[in-house]
Amino acid sequence: MARTIAIKAAVCGVSPEAPNALLPSSARVIAKAHAAFDTRGRAAFLFEQTMTEPLSNIPGGMRYYFGREARLRRAVEDAVMSVFDGWGYEEIAAPAVDYYALFERGMGHEEARRSFRFTDTDGRLLALRPDVTSAVARAAATLFAQASRPLRLCYAASVFRQRPRSHAEWKRQVRQLGCELIGAGGEEADLEVLLIAAEVLERLGLGYRITVNHAGVFNGLAAQLALADAERESARGLIDTRDAAGLQSFLASRGGDGAGEAVPLARELARLSGKREVLDEALALAFDDGRVAGALKALERTWQVIETIGLEESFEVDLGDVSGLDYYTGLVFRIYVEGAGARVGGGGRYDELTANFGAREPAVGFVLDLDAVSEVLLRGGVFGVRGAGDASSSDVAAGSPGERFREARERRARGERIRLG
Amino acid sequence: MLTIAIAKGRMQHDALELLGRAGVRVSEEALRSRRLAVEDEEGRYRFIFVKPQDVPVYVEHGIADCGVVGRDVLLETGADVLQPLDLRIGCCRLAVAARKGLKVEEAGMLHVATKYPRVAAAHFGSRGVPVEIIGLSGSVELAPVLGLADCIVDLVETGRTLAENELEVVETITESTARLVVNRASYQLKSAAVASLVAAVSGAVNKGREES
């Protein structure tokens, strides 16, 4: 007791000798010490403690969620999952810990390396899942090998990354809401997933823009230009950062070694974003190569449907979106919402992924970052979330414990929200 | 309205002058004030003036939609931002400089003092030279003079400061100029406003180039 008071007295600036003198009589001064402790004293007290007591520290990139934010996240997750359910998607829960090799195959070496890794009892390398798609693709090829197609699966799961991709993406634990349509190819399957994404964003009342691209455009041009791996990454970097001048001098420096036909479109990729006119311009520049023109025509068919259902204001063609394409084989899309400085989700077609697990089949899907979306909604969205002490909750009257708990059980059985005093 | 972050100091004047030629003007009065956020005369843009290394931070988080900052800063911070335009102002180079007569091959483990630890580590790492990077925040030229480091990696504009401290450029790592940078989300969500800014500034850059 004396020690507690010494600490409390210390944080509000009373000299160390004083508390003992105060102890016997002056209850008023002690009460004052308490008051100071509870307001401005607490911060100083906690700070002093952290210097010697690391338990109060939270590892970088991790955090608590509570109160209104926790309720909002729950409500957003429920709303999104109900949209997935409405389109016939079944929830799947994947292991949080899996073999590192799974993610290396599923995401590629560079992305998988960002995961938290540790070893199993037999020495095999494990990882805390850095994504969910890898495990879903493996399940499709193994667990659901005999199930009828297409498979429609969705999930809400936390993923973990040890290293962030950028400063704005510093979190190490992110909750992903995603869906995967496996065993269905073509633009119709692509559109199904695009429209689910649009419905989710509309349901959440967010102003959004979804950019669409096709992996075949850049990959086809890189093949025509016969770019070596390092050159391909340079070109990708220049296009991805929209460095139009840098891209043109890069292409000029490579000279015309028989790949000249690919150059007119390649040099414009950094600035080709917009609506239908972008596709028209790209098609005019593309020389009649099966892969590039095919990719552009597929995008055009997708765009046609987007226009037909009147969503072209919320969508945009972005041929310069070429980062992290290795995963994708067809449609690629990214989701931006008003109020967020970085993209909040994305997806696309990855027809080669399941082949890594033994059975190649078409697949398309997307994920939404619950954390990023909730942050936007928390700062001022129209998406409703109930308050902590809403009208329907009422206190249980005083009485003996037996009476109180009987009343509490009866009222709970009627579905009322109660709060014990 | 677009928010544009401008790097304070070295290139601030040139950047505002270039934007002025592109039709984006801030009144003299607003510039003379000590306010850190001012609007242009037509109320289409808001400018914020921050330290160069903070420009990519504001833009990456989307607090500023666009920014004007040197390529040196972008390389060092590794910021994930779009860089649609080379403004061709603030020309300088990132270089390795050492005391006259230093033989790099004979130094064994090189001690490198710099404000650009990432650039320096990547440069020496790419050639397999073992180095110890000593991070400083200013007056880097002093380090080799006093024996803290064998050489420095720093921005060289005219080379005068180097010469006055009896240092010379050993090699140029890369050239640097000011870039117009854009936040990834703003590029999509405010595409019309960003596109018109990029077009106007691009026109001013090219015009300036033809005249010079």
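Only a predicted model underlies this, so the values are computations on that prediction, with no experimental measurement involved.

### Looking at the overall build of chain A
Part 1: From N to C terminus, chain A includes 16 helices and 14 strands.
Part 2: Sorting the 421 residues of chain A into buried and exposed places 36% on the buried side.
Part 3: The contacts in chain A between residues at least 6 apart in sequence include a share of 69% that link residues at least 24 apart.

### Quick look at the overall build of chain B
Part 1: In terms of helices and strands, chain B carries nine helices and 11 strands.
Part 2: Taken along the three principal axes of its C-alpha coordinates, chain B extends 60 × 35 × 30 Å.
Part 3: Counting all 212 residues of chain B, 40% fall into the buried class.
Part 4: When contacts within chain B are restricted to residue pairs at least 6 apart in sequence, long-range pairs at least 24 apart make up 66% of them.

### Considerations on the environment of Val-145 of chain B
Part 1: Its location among the elements puts Val-145 of chain B in helix α6 (residues 142-146).
Part 2: Through-space distance from the C-alpha of Val-145 of chain B to that of Glu-210 of chain B is 42 Å; in sequence the pair is 65 residues apart.

### Considerations on helix α9 (residues 215-224) of chain A
Residue and element names in this part refer to chain A.
Part 1: Among the 10 residues of α9, eight are classified as buried, and the element is accordingly described as predominantly covered.
Part 2: When α9 is considered as a whole, its buried residues turn out to be Ala-215, Gly-216, Val-217, Phe-218, Gly-220, Leu-221, Ala-222 and Gln-224.
Part 3: Among the structural elements, β7 (208-214), α10 (229-240), α12 (263-266), α14 (290-308) and β10 (331-337) are those in contact with the buried residues of α9.
Part 4: Two residues or fewer after α9 comes Ala-226, characterised by a positive phi angle close to 55 degrees.

### What to know about the interface of chain A and chain B
Part 1: Each partner contributes residues to the interface: chain A has 17 residues there, and chain B has 17 residues.
Part 2: Contributing elements (two or more residues each) for the side of chain A that touches chain B: β7 and α11 (244-254) of chain A.
Part 3: Taken together, the residues that form the side of chain A that touches chain B break down as six nonpolar, five polar and six charged.

### Focus: unusual backbone geometry
Trans is the prevailing form of peptide bonds, just as negative phi is the prevailing case for residues other than glycine.
Residues and elements named next belong to chain A.
Part 1: In this chain, Arg-149 is followed by Pro-150 through a cis amide linkage whose omega measures -5 degrees.
Part 2: Following the sequence through the fold, Pro-150 ends up in the loop between α7 (133-141) and β5 (151-160).
Part 3: Despite not being glycine, Ala-226 shows a phi value in the positive range, around 55 degrees.
Part 4: Examined against the element boundaries, Ala-226 turns out to sit in the loop between α9 and α10.
Part 5: For Ala-226, a count of 13 C-beta atoms within 10 Å puts it in the partly exposed group.

### Thoughts on the sheet that holds strand β10 (residues 167-176) of chain B
Residues and elements named next belong to chain B.
Part 1: Ordered by their spatial adjacency, five strands build an open sheet running β8-β7-β9-β6-β10, and the pairing between neighbours is mixed. Lying at the two open borders of the sheet, with one neighbouring strand each, are β8 (131-135) and β10. On average, each strand axis in the sheet is tilted by 25 degrees relative to the strand beside it, whichever way the strands run.
Part 2: Note that strand β7 (residues 110-114) and β8 share five bridges and pair parallel. When the bridges of β8 are listed, Val-112 appears paired with Ile-133.

### So, the domain arrangement of chain B
Think of interface size as the accessible area that goes away when the parts come together; that is how it is often given.
Residues and elements named next belong to chain B.
Part 1: In terms of domain boundaries, chain B breaks down into domain 1 (2-90 + 177-211) and domain 2 (92-175).
Part 2: Between domain 1 and domain 2, the residue contacts involve six residues of the former and seven residues of the latter.
Part 3: Among the residues forming the side of domain 1 that touches domain 2, the class breakdown is one nonpolar, three polar and two charged.

### Some words on the sheet that holds strand β3 (residues 45-50) of chain B
Residues and elements named next belong to chain B.
Part 1: The six strands are arranged β2-β3-β1-β4-β11-β5 in an open sheet whose pairing can be described as mixed. Single-partner strands in this sheet number two, and they are β2 (37-39) and β5 (82-86). Neighbour-to-neighbour, the strand axes of the sheet open up by a mean angle of 25 degrees, direction not taken into account.
Part 2: Of the pairings in the sheet, the one linking β5 to strand β11 (residues 178-182) comprises three bridges and is antiparallel in character. Looking across to β11, one finds that Leu-85 is bridged to Leu-180.
Part 3: Helix α1 (residues 12-21) contacts β1 (2-7), β3, β4 (66-70) and β11 of the sheet and is inclined by roughly 145 degrees relative to β1.

### Thoughts on the environment of Arg-63 of chain A
Part 1: The topology assignment puts Arg-63 of chain A in the loop between α3 (27-52) and α4 (67-86).
Part 2: In this structure the C-alpha to C-alpha distance between Arg-63 of chain A and Pro-130 of chain A, which are 67 residues apart in sequence, comes to 17 Å.

### Regarding the packing of helix α5 (residues 100-107) of chain A against α7 of chain A
Residue and element names in this part refer to chain A.
Part 1: Packing of α5 against α7 leaves a shortest axis separation of 9 Å and a crossing angle of 95 degrees. By the criterion of interaxial angle, the relationship of α5 to α7 is roughly perpendicular. Residues Leu-102, Phe-103, Gly-106 and Met-107 of α5 form the contact with α7, whose own contacting residues are Thr-133, Ser-134, Ala-135, Ala-137 and Arg-138.

### Things to note about α5 of chain A
Residues and elements named next belong to chain A.
Part 1: Turning to α5, its buried residues are Tyr-100, Leu-102, Phe-103, Gly-106 and Met-107. Viewed end-on, α5 has its buried residues packed into an arc of 155 degrees, placing them on one side of the element.
Part 2: Each element contacted by the buried residues of α5 is listed here: β2 (97-99), α6 (109-112), β3 (117-119), β4 (125-128) and α7.
Part 3: Downstream of α5 by one or two residues, Gly-108 has phi in the positive range, about 90 degrees.

### As for the nonpolar core
One recurring pattern in soluble globular proteins is that nonpolar side chains are buried together.
Part 1: Grouped together as the largest cluster of nonpolar side chains are 95 residues, with contacts concentrated most on Val-193, Ala-197, Leu-221, Val-337, Leu-368 and Val-373 of chain A.
Part 2: Look past the residues within four positions of Ala-197 of chain A in its chain and what remains in contact with it is Ile-210, Ile-335 and Phe-366 of chain A.

### Observations concerning the pairing of strand β9 (residues 151-156) of chain B
Residue and element names in this part refer to chain B.
Part 1: Where strand β6 (residues 92-99) meets β9, six bridges bridge the pair, whose relative direction is antiparallel. From the neighbouring strand, Ala-95 faces β9, where its bridge partner is Asp-154.
Part 2: Relative to β9, β7 runs parallel, the two sharing three bridges. When the sheet's bridge partners are listed, Val-112 is paired in β9 with Cys-151.

Analysis parameters
Residues numbered from 1 in each chain as written. Chains lettered and ligands numbered in written order. Predicted model: local features only at pLDDT ≥ 70, side-chain atom pairs only at ≥ 80, totals over all residues. Helix = DSSP H or I, 4+ residues; strand = E, 2+ residues; numbered from the N terminus. Buried ≥ 20, exposed ≤ 12 C-beta atoms within 10 Å, placed from the backbone. Contact = placed C-beta atoms within 7 Å. Nonpolar A, V, L, I, M, F, W, Y, C, P; charged D, E, K, R; others polar. Pairing = 2+ DSSP bridges. Axes fitted to C-alpha atoms, helices over the stretch in contact; angles between N-to-C directions. Domains from an automatic or database assignment. Parallel < 35°, antiparallel > 145°, perpendicular 65-115°, else oblique. Arc of directions from axis to C-beta. Core = buried A, V, L, I, M, F, W, Y, C linked by C-beta atoms within 7 Å.

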